[in-house]
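Structural features, examined
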Amino acid sequence: MAAFSFTRCLVRSYFCVKCVDHVQTRLQTTTRMFCVSTSRSTQFTDTEVQDILTKITGLDLKKVFQPIRQQLTPPKYKLMTDTELEEAVRKAEEQAKHLLKMPPVLPERKPINDVLSEDQMLEGMNTAKYVFTDINFNVPHRERFIVVREPSGTLRKATWNERDRIIQVYFPKEGRKITPPPIFKEENLRVVFEQDRHEDVLNQCVVQFEPDSAEFKNVLMLTYEDIEKHGKYDLLRSTRFFGGLAWHLVNGRRIDGLLVDMLQRDLMQDAVRLVRLFNLVHPQSESAQHAQRQQATDLNLLKIYAQYESNRAGFIELAVQTYEQTKAPSSF
Amino acid sequence: MLFYTGCRLLFVVAIGQSFACKHLNQHEGLFTRFVLQGIRDWKLISSAAPGLKFRALSSSSSSSSSSPPSAENTESPETLSRYADRPWEYLESEEYIERYGSKPVWANYRRNHKGGVPPQQTRKTCIRGDKICGNPCPICRDPNIIVHYKNVNLLQQFISPQTGIVHDPTRTGVCMKQQKLLNKAIETARDCGLLAVQLPHVDYSKEDYSNTHGAVAPTPAPVSLRSGELWYSWYGSIKPDERELARVKRIYKDYLKPDV
């Protein structure tokens, strides 16, 4: 399967000719593979990676179902038996899992520079650009043709920014503005980060931008950097963005802060899972190789990581030792 | 001075009984000036009489100290207040806390209107040019309260804490001009991220992000036909009706090529 998809995406990247797999691409809801260099490495969408990330994120029902500001209705009271209560809690957990679905991590979209025709005789006829959009209702937005006739006569496909703006004009999405709001400017972001409202910024970003756009990635990166700088990992725990944060840190090989935070909060299993994710993503690193050789599990993984890769080795080892001494050895 | 305080008390009590504004206009110009200044400097009558007396005395002392510049105060209600550059500082000052406490600025304001049901729109504006109306709205009556998008604490007072909706002007009593300014400031504050916004949940499961369609990918090169290949594959498989073919051949016999 991996080999097949590798060859398929090789074909796609180098011979980019026929879009034969329309049916397949529509059914496929996952991301495009990194076709060029890292085709065999772990991706964000691998089941094991997703599993680890969801488990690290946790499921704090009180935080996920925090009362939001909305039109108030009178409260409803129900009398339930124990079984009914368990059933209700189970349904709430399923709803919470749906709400905690992570926004996809995609490669940045390639700019569109496609000229359809050059008509010199139309030069100077108009002073403004004309945008022609296909507004059929049943067409997915990524298959919608949007072309621009420049005053110089060239007919070209619209750029990604223009596409987003035009689609927002004709098919407005709730919460999205046509021009990005000033919250995403540096100075405003700084103010919001000081108020510890990273989740609000990320929600705004997710609503405003497409997940493969440059601005989306930039805002996410800035938020993650700020969180890592101040160690405010707990703000995003049990939200849909924690997975993205962990992935970003693991790819940048900077999981020390997050590990220390987890150990301070006695989340041993989460720390072990994080180190396992690190080993998956960087199989050539020393800690991964040693772990592979020794077939290490659980706390030994932590010890190996602390020994070979970490900058805060002392703290991690101390925490592991205290855990082993104080708590009875529990089965993971 | 005593007469002055007496007049002020009378005036304040008259307002409490919601007398109409035209009573004011019948007084002399001098008294109107004092009254205008009284509106500028008055302390609120929220508590019982001892509190009232204390406030009246303190207001008289403050008015006596500030009476020399009273001329420029009453000239235009739009004089620049001390907090014009940083309006949010006023909400932490002693003046503000003494005047409003922890309640919102519109808490003790009561509109004057006929009958039990108030008009569904408040007045258009309290300040026209130089003149300020009687019983101005909670924002216009205090020149230090400035509606600015950075003045988040003030804006929060006009938003319901449970629903997040901006209060109606019939509830807060502000004039329509100030309400418009408030709406704009709240929208700007929300855009800049100073106020919390409730956003819908975005679902990513139904979208396809492969970007392979011709609308967003480079246009594929045109397909060139190999020899013998038909443009549409079904061209070759259609067979015409024999009798139709014979009929057409008979009609155009003279124009057909010899081998057909």
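One can find the structure itself at the top, above this paragraph.
Definitions and cut-offs
Residues numbered from 1 in each chain as written. Chains lettered and ligands numbered in written order. Predicted model: local features only at pLDDT ≥ 70, side-chain atom pairs only at ≥ 80, totals over all residues. Heavy atoms only, no water. Contact = heavy atoms within 4.5 Å. Buried area = accessible area lost by both parts, 1.4 Å probe. Salt bridge = Lys/Arg side-chain N within 4 Å of Asp/Glu carboxyl O. Polar contact = N/O pair within 3.5 Å; in protein donor to acceptor, adjacent residues only side chain to side chain. Nonpolar A, V, L, I, M, F, W, Y, C, P; charged D, E, K, R; others polar. Phe/Tyr/Trp six-rings, centres within 6.5 Å; stacked < 30°, edge-to-face > 60°. Helix = DSSP H or I, 4+ residues; strand = E, 2+ residues; numbered from the N terminus. Buried < 20%, exposed > 50% of the residue type's maximum accessible area, 1.4 Å probe, protein only. Patch = residues over 30% accessible without salt bridge, like charges linked within 9 Å, V, L, I, M, F, W, Y side chains within 5 Å. Areas by Shrake-Rupley, 256 points an atom, 1.4 Å probe, with all protein chains shown as cover. Lys, Arg positive; Asp, Glu negative; His and termini not counted. Charge placed at Lys NZ, Arg CZ, Asp CG, Glu CD.

1. Comments concerning the interface of chain B and chain A
Contact with chain B, which involves 37 residues of that partner, is made by 49 residues of chain A. Around 3900 Å² of area is buried between chain B and chain A when both sides are counted, 56% of it from carbon and sulfur atoms. When the buried area of chain B at its contact with chain A is split by residue, Tyr204, Tyr209 and His213 of chain B rank highest and sum to 17% of it. Counting across the interface, chain B meets chain A through one salt bridge. Summed over the shared surface of chain B and chain A, the number is ten residue pairs in polar contact (both at pLDDT 80 or more). For the side of chain B that touches chain A, the class distribution of residues is 17 nonpolar, 15 polar and five charged.

2. Examining the packing of aromatic side chains
A complete count under the given rule lists ten aromatic pairs over all chains for this structure. Look at Phe278 of chain A and Tyr305 of chain A: their rings are 5.4 Å apart centre to centre, the planes differ by 75 degrees, and that puts the pair in the edge-to-face class. Remark: Tyr305 of chain A occurs in helix α14 (residues 299-308) and Phe278 of chain A occurs in helix α12 (residues 268-281); sequence separation between them is 27 residues. For the residue pair Phe278 of chain A and Tyr305 of chain A, the accessibility class agrees, reading buried in each case. The interplanar angle of 45 degrees and the centroid separation of 5.0 Å between the aromatic rings of Tyr96 of chain B and Tyr100 of chain B together place this pair among those described as tilted. Of this pair, Tyr96 of chain B and Tyr100 of chain B both sit in helix α6 (residues 94-100), separated by four residues, roughly a single helical turn. Tyr100 of chain B matches Tyr96 of chain B in its accessibility class, with the two residues each being buried.

3. Considerations on unusual backbone geometry
All names here are of chain A. With a phi angle near 65 degrees, Ser238 is a residue other than glycine that sits in the positive phi range. Relative to the helices and strands, Ser238 resides in the loop between α9 (214-230) and α10 (242-251). You can call Ser238 buried: its relative accessible area is 6%. Look at Asp266: it is not a glycine, yet its phi comes out positive at around 60 degrees. You can see Asp266 is positioned in the loop between α11 (256-264) and α12.

4. Some remarks on a positive patch on the surface
Positive charge collects at one region of the surface, where Lys124, Arg128, Lys131 and Lys180 of chain B lie side by side. Note that Lys180 of chain B resides in helix α9 (residues 176-192).

5. Observations regarding the pattern of salt bridges
Any two side chains of opposite charge can pair, on the condition that their charged atoms come close. Residues and elements named next belong to chain A. Evaluated as defined, the whole model comprises 28 salt bridges over all chains. Ionic pairing is found between Asp212 and Arg142, a salt bridge with its closest N-O pair at 2.7 Å. Of this pair, Asp212 sits in the loop between α8 (198-208) and α9 while Arg142 sits in the loop between β2 (130-133) and β3 (146-149), and the two are 70 residues apart along the sequence. In terms of burial, Asp212 and Arg142 fall into one category: buried. The residue Asp234 makes a salt bridge to Arg237 at a minimum N-O spacing of 3.3 Å. Asp234 gets classed as partly exposed once you look at its relative accessible area, which sits at 34%. Connected via shared salt-bridge partners are Arg109, Arg142, Asp164, Arg176, Glu210 and Asp212.

Shape descriptors only; they carry no functional weight alone.
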